[in-house]
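The lines below spell out each chain.
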Amino acid sequence: MSKNKGYELELSEETMAKVQSFAEKTGRSEDEVVEFIIFEFLRNQIHMLEKRAEEVNVPVNELVTMQFNKVLDYLVSQEN
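In this text the structure is predicted, and so the values were computed from the model without any measurement.

A. Representation of the overall build of the protein. Broken down by element type, the protein carries three helices and zero strands. Helices and strands in the protein line up, N terminus first, as α-α-α. Once the C-alpha set of the protein is aligned to its principal axes, its extents read approximately 35 × 20 × 20 Å. Taken across its 80 residues, the protein has 29% of its residues classed as buried.

B. View of the nonpolar core. Formed by 17 residues in total, the largest nonpolar core has its most connected members in Val19, Val33, Ile37, Val64, Phe68 and Leu72. Only α1 (13-26), α2 (30-56) and α3 (60-79) provide two or more residues apiece to this core. Beyond its immediate stretch of four places on either side in the chain, Val19 contacts Glu30, Val33, Val34, Phe68 and Leu72.

C. Region of interest: the packing of aromatic side chains. If you walk through the whole model with that rule in mind, you get one aromatic pair. Above the ring of Phe36, the side-chain terminus of Arg28 is found at 4.5 Å from the ring centroid.

D. Representation of a negative patch on the surface in the model. A cluster of like negative charges, contributed by Glu24, Glu30, Asp31, Glu32 and Glu35, occupies part of the molecular surface. When residues in the negative patch are grouped by element, the largest group, four residues, is from α2. Within the secondary structure, Glu30 is located in helix α2.

E. Region of the structure containing α3. Between its first and last C-alpha atoms α3 spans 29 Å; for 20 residues at 1.5 Å apiece the expected length is 28 Å, and the two agree. Restricting attention to buried positions, one finds in α3 the residues Val60, Leu63, Val64, Thr65, Gln67, Phe68, Val71, Leu72 and Leu75.

Cut-offs and rules
Chains are numbered independently. Their residues run from 1 in the order of the written sequence. Only residues with pLDDT of at least 70 get local features here, since the model is predicted, and only at 80 or more are side-chain atom pairs given and counted; chain-wide, interface and lining totals rely on the full set of residues. No hydrogens and no water enter the side-chain calculation; it runs on all heavy atoms of the structure. Where helices and strands are cited, they refer to DSSP runs of H or I of at least four residues and of E of at least two residues respectively, numbered from the N terminus. Think of it in three bands: with a 1.4 Å probe and only protein chains considered, a residue is buried below 20% of the maximum accessible area for its type, exposed above 50%, and partly exposed in between. In these notes, a set of buried Ala, Val, Leu, Ile, Met, Phe, Trp, Tyr and Cys residues joined through side-chain atoms within 4.5 Å is what counts as a nonpolar core. The contact definition used throughout considers only heavy atoms, calling two residues in contact when any of these lie within 4.5 Å. Put simply, two rings from Phe, Tyr or Trp (the six-membered ring, in Trp's case) pair if the centres are within 6.5 Å, and we call them stacked under 30 degrees between planes, edge-to-face over 60, tilted for the rest. Here, a charge over a ring is recorded when the distance from Lys NZ or Arg CZ to the ring centre is within 6 Å and its angle to the ring normal is within 35 degrees. Candidates for patches are residues over 30% relative accessible area with no salt bridge; among them, like charges are joined within 9 Å and nonpolar side chains (Val, Leu, Ile, Met, Phe, Trp, Tyr) within 5 Å. Areas reported as accessible are Shrake-Rupley estimates using a 1.4 Å probe. Residue values count occlusion only from the protein chains shown. When a carboxyl oxygen of Asp or Glu lies within 4 Å of a side-chain nitrogen of Lys or Arg, that pair is called a salt bridge. Neither His nor the chain ends is counted toward charge; the positive residues are Lys and Arg and the negative residues Asp and Glu. One atom stands in for each charge, and that atom is NZ of Lys, CZ of Arg, CG of Asp or CD of Glu. The span one expects for a helix is its residue count, reduced by one, times 1.5 Å.

What follows is the structure in structure tokens.
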């Protein structure tokens, strides 16, 4: 179902500030933080997010972005 589909994250300035802060705390680049979240978390959840998007009639990109923010918030909370 999701083979070769691309999704676009729409990250706010606030989210990017969190990414930057988390990157600094962990010694990673901002790109590495974004890639880590995508490959370690979102990639495994995409089927569920696609199904949920259909159920609630919301664009998949919106749910992917929301889930990215949730994962980022979780990771930040674990660093404190």
